[in-house]
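Chain by chain, the residues run as shown.
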Amino acid sequence: MKFSENTLAVLKNFASINSGVVLKAGKTQKTISPEKSILVEATLEDNIPTEFGIYDLNQFLGIVTTLKNPELTFGKDVVTLDDGELAVTYRGCSANLVITPPDKELVLKDITTKFSLANATSQKLIRIATLSSLPNVSVVGKDGDLLLKIHEKANDTSNDGVTKIGDYAGKDFVATFKTDNLKFLPDDYNVEIQAGAFAKFVNVSGNLKYFIALESK
């Protein structure tokens, strides 16, 4: 098999969340951050033939992309990558060497709000937050408006930025993320938030699900 561009993009995203991964047989793959604040489930275009543990995912992907569109042959605890000029044998690792997500999917028990988040909006805010060293992104429901705010939660005098993303008719709330935890692939997302717990981001194609923990008060 050969990895599609979609599969490579997803696995690179996984590597930004957890340095290792245990690929499962099939198209559905998951990873979780070491702090367990980010959990991702993705449906790949490619079907992984067998379970395979990778201790250093960035290293593995570096080999894949350095070779010329290699053919990947999965065996028992080993993958051969061959581009016709060079064949590389890559040995997998035991699953217990990698922090892996639970098999059971997280479920929001009480949805505070839900909204659509355009890629252009999220990418602009996250970029400005990063450039400005603002560690927090908050969803705010107040006075009939649903807002997205970049700021420093612990500093009322910090720079900030706010944009309206919808109307809101419920009880006022603030749901705050660490900016560094918003590592989803660029896309439009449907978002559900359970205040005080976590949020679920699902892209419009439905092949990516991110569960991201909210900051405690």
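Residues numbered from 1 in each chain as written. Predicted model: local features only at pLDDT ≥ 70, side-chain atom pairs only at ≥ 80, totals over all residues. Heavy atoms only, no water.

A. Examining the pattern of salt bridges more closely. Scanning all chains against the criterion turns up 7 salt bridges. Residue lysine 114 pairs with glutamate 192 through a salt bridge whose shortest N-O separation is 3.8 Å. On the criterion of sequence distance, the pair formed by lysine 114 in strand S8 (residues 113–117) and glutamate 192 in strand S13 (residues 189–194) is long-range, its members being 78 residues apart. Classification of lysine 114 as exposed rests on a relative accessible area of 54%. On the basis of relative accessibility, which here comes to 24%, the residue glutamate 192 falls in the partly exposed class. Aspartate 167 is the partner of lysine 164 in a salt bridge, and the nearest nitrogen-oxygen pair spans 3.0 Å. The class for lysine 164 is partly exposed, based on a relative accessible area of 48%. Connected through salt bridges with shared partners, the residues Asp145, Lys164 and Asp167 form a single ionic network. (Salt bridge = Lys/Arg side-chain N within 4 Å of Asp/Glu carboxyl O. Helix = DSSP H or I, 4+ residues; strand = E, 2+ residues; numbered from the N terminus. Buried < 20%, exposed > 50% of the residue type's maximum accessible area, 1.4 Å probe, protein only.)

B. How the structure looks around the sheet that holds strand S7 (residues 87–91). With antiparallel pairing, 3 strands are arranged side by side in an open sheet as S5-S6-S7. Unpaired on one side and paired on the other, strand S5 (71–75) and S7 mark the two borders of the sheet. Each strand of the sheet is rotated relative to its neighbour by a mean of 20°, with strand direction disregarded. As defined by bridge partners, strand S6 (residues 78–82) adjoins S7 across 5 bridges and the pair is classed as antiparallel. The residue of S7 that forms the bridge with valine 78 is arginine 91. Packing against the sheet, helix H2 (residues 57–66) makes contact with S5, S6 and S7, and its axis sits at approximately 165° to S7. (Pairing = 2+ DSSP bridges. Axes fitted to C-alpha atoms, helices over the stretch in contact; angles between N-to-C directions. Contact = heavy atoms within 4.5 Å.)

C. Quick peek at the pairing of strand S2 (residues 26–32). In terms of burial, S2 is largely enclosed, as 5 of its 7 residues are buried. As judged from the 6 bridges shared by S2 and strand S3 (residues 38–48), these two strands associate in the antiparallel manner. The partner of threonine 28 across the bridge, within S3, is threonine 43. Hairpin geometry of S2 and S3 is characterised by an intervening segment of 5 residues between the two adjacent antiparallel strands and by a positive phi of about 65° at lysine 36.

D. Broad picture of the pairing of S7. Of the two faces of S7, only one is covered, namely that formed by Val88 and Tyr90; the face formed by Ala87, Thr89 and Arg91 stays uncovered. Count of turn residues in the S6/S7 antiparallel hairpin: 4 residues, of which glycine 84 carries a positive phi of about 95°.

E. Looking closely at unusual backbone geometry. One non-glycine residue, aspartate 77, lies in the positive phi region at around 65°. Secondary-structure assignment places aspartate 77 in the loop between S5 and S6. With a phi angle near 55°, aspartate 143 is a residue other than glycine that sits in the positive phi range. Along the chain, aspartate 143 turns up in the loop between strand S9 (136–142) and strand S10 (145–151). Judged by relative accessible area, which is 65%, aspartate 143 ranks as exposed.

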